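Structural overview for review
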Amino acid sequence: MTSTARESEFRTVILPFIIFTAIWGSTWIVIRGQLGTVAPQWSVAYRFVIAAVAMALVAVIKGESLRIGRKGMAAALFLGFTQFCVNFDAVYLAEQHITSGVVATVFALLLIPSSLLAWVALGQRPSARFAWSSAVAVIGIALLFANELRAHASSGRAIASGIGLTFVGMLGASTANVMQARPEIRRYPLFALLAWCMAAGALIDAVIAFVMTGPPTIDTRAVYWAGLLYLSLAASVLTFSLYYPVIRRIGPGKTAYSSVIVPIIAMGFSTWLEHYRWTPLAIVGAVLALGGMAGALSRGRVSVAAPDAA
């Protein structure tokens, strides 16, 4: 490989990969700062109002038309509900019950429901290696769950709620991932579609937030708004703007390795800022969960991209 080719690969693949992986690894702990004064549903709505406007600007800058037609808007409504409402509302609520690092590690299993749904909807059958590697990963998550219950025996119901909400978020995200892979959806301009998806998600989030928690509330702390802007612009707009071009260059299989790296970064932040305690059971669980996912990705064909994003 020539120096020019290496420089091009670093600029178009390696550097973007480092950036979106590092950002997604940090978002789980930033979400913790969004919890408190403002109901989680309103925080999600605020996030995607800002992100939708910014993504629309990205689409215009890239020369994409924001006119996607009636069928495009219907697709945006569905994707907005599953990805930017069900997924994110569930993750924010889950972090009220369990540490951000555990949520991120459980969410690393996203590739499993995405692949199973792709098998049903797209006919993309997973390999035997994927099946047994996924089973190893599930055992690892079970051990992490057992460790949480052992450490917080009096909070068993809250921990179960956190894990359950994380799985609900995974279901929403995996449904959106498979839908985005369908040919009739891929024909729409990417960033314009994402802008409308985020706008639809924000609107649905706001309706749900009003019904469930009442009128919107505002947190005046600078740290809240700094976190909100980081999640809106860096974690929602910048990362997706980098992630999808990398997929197109190296394919979803290699790109999906970010889903193994992200929980490691998230657990590092959780250990540092949430004082997560590593017991032998937690270490074995994390190693099995992440090792299983790495095994599922290796030597296999991943057709549905599943970004481990929050």
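Keep in mind it's a predicted model, so treat the numbers as computed, not measured. (Residues numbered from 1 in each chain as written. Predicted model: local features only at pLDDT ≥ 70, side-chain atom pairs only at ≥ 80, totals over all residues. Heavy atoms only, no water.)

In this section: the overall build of the chain. Scanning the chain from terminus to terminus reveals 12 helices and zero strands. Helices and strands in the chain line up, N terminus first, as α-α-α-α-α-α-α-α-α-α-α-α. For the chain, the C-alpha radius of gyration of 19 Å lies close to 19 Å, the compact-globule estimate for 310 residues. With the principal axes as the frame, the chain shows a C-alpha extent of 55 × 55 × 40 Å. Looking at the chain as a whole, 52% of its 310 residues are labelled buried. Sequence separation of 24 or more characterises 90% of the internal contacts of the chain that already satisfy a separation of 6 or more. With 22 positive and 11 negative side-chain charges, the chain shows a separation of 9 Å between the mean positions of the two kinds. (Helix = DSSP H or I, 4+ residues; strand = E, 2+ residues; numbered from the N terminus. Rg over C-alpha atoms; globule rule 2.2 N^0.38 Å. Buried < 20%, exposed > 50% of the residue type's maximum accessible area, 1.4 Å probe, protein only. Contact = heavy atoms within 4.5 Å. Lys, Arg positive; Asp, Glu negative; His and termini not counted. Charge placed at Lys NZ, Arg CZ, Asp CG, Glu CD.)

Ranked by size, the top nonpolar core spans 77 residues in total, and within it Trp28, Phe48, Met55, Leu193, Leu194, Met198 and Met293 carry the most contacts. Non-local contacts of methionine 55, meaning those with residues more than four positions away in its chain, are made with Phe191, Leu194, Ala195, Met198, Ser236, Val237, Phe240 and Ser241. Counting residues in hydrophobic clusters, the runner-up holds eight residues, among them Ala39, Trp42, Tyr224 and Leu228. (Core = buried A, V, L, I, M, F, W, Y, C linked by side-chain atoms within 4.5 Å.)

The next point concerns the pattern of salt bridges. Enumeration over the complete set of coordinates arrives at two salt bridges. Ionic pairing is found between arginine 32 and glutamate 274, a salt bridge with its closest N-O pair at 2.9 Å. Of this pair, arginine 32 sits in helix 1 (residues 3-32) while glutamate 274 sits in the loop between helix 11 (258-273) and helix 12 (280-297), placing them 242 residues apart in sequence. Owing to a relative accessible area of 32%, arginine 32 belongs among the partly exposed residues under this scheme. When its relative accessible area of 18% is taken as the criterion, glutamate 274 is described as buried. (Salt bridge = Lys/Arg side-chain N within 4 Å of Asp/Glu carboxyl O.)

Turning next to helix 11. For helix 11, with 16 residues, the first-to-last C-alpha span of 22 Å sits near the 22 Å given by 1.5 Å per residue. The set of residues buried in helix 11 consists of Ser258, Ser259, Val260, Val262, Pro263, Ala266, Met267 and Ser270. Of the residues flanking the end of helix 11, it is histidine 275, one or two places downstream, whose phi is positive at about 55 degrees. (Expected span 1.5 Å × (residues − 1).)

Mapping serine 270 onto the fold places it in helix 11. The contact partners of serine 270, leaving out residues within four places of it in the chain, are Thr99, Ser100, Gly101, His275 and Tyr276.

Let us look at the environment of methionine 170. With respect to the helices, strands and loops of the structure, methionine 170 is situated in helix 7 (residues 156-180). Separated by 118 residues in sequence, methionine 170 and alanine 52 have C-alpha atoms that sit 22 Å apart. Not counting residues up to four positions away in its chain, the partners in contact with methionine 170 are Val106, Phe107, Leu109, Leu110 and Pro113.

Residues Leu203, Val207, Phe210, Val211 and Met212 make up a contiguous nonpolar surface patch of roughly 560 Å² in combined accessible area. If you trace the backbone, phenylalanine 210 turns up in helix 9 (residues 190-213). Since its relative accessible area comes to 49%, phenylalanine 210 is described here as partly exposed. (Patch = residues over 30% accessible without salt bridge, like charges linked within 9 Å, V, L, I, M, F, W, Y side chains within 5 Å. Areas by Shrake-Rupley, 256 points an atom, 1.4 Å probe, with all protein chains shown as cover.)

Running from N to C, helix 6 (residues 128-151) and helix 7 cross one another at 155 degrees; their axes reach a closest spacing of 9 Å. Taken together, the axes of helix 6 and helix 7 lie roughly antiparallel to each other. Here the hand of the crossing between helix 6 and helix 7 comes out right-handed. Between helix 6, through Phe145, Glu148 and Leu149, and helix 7, the contact on the second element is made entirely by Gly156, Ile159, Ala160 and Ile163. (Axes fitted to C-alpha atoms, helices over the stretch in contact; angles between N-to-C directions. Parallel < 35°, antiparallel > 145°, perpendicular 65-115°, else oblique. Left-handed = near helix turned anticlockwise from the far one by under 90°.)

Attention now moves to the packing of helix 2 (residues 40-61) against helix 3 (residues 69-94). Each packed pair of helices is defined by two parameters, the angle between the axes and the distance between the axes. Helix 3 packs onto helix 2 with a crossing angle of 130 degrees between their chain directions and a minimal axis gap of 9 Å. Looking at the two axes, helix 2 sits oblique to helix 3. Crossing geometry of helix 2 relative to helix 3 is assigned as right-handed. Where helix 2 abuts helix 3, its residues Pro40, Gln41, Ser43, Val44, Arg47 and Phe48 lie against Phe84, Phe88, Asp89, Tyr92 and Leu93. When the residues that make up the contact of helix 2 with helix 3 are grouped by side-chain class, the tally is seven nonpolar, two polar and two charged. (Nonpolar A, V, L, I, M, F, W, Y, C, P; charged D, E, K, R; others polar.)

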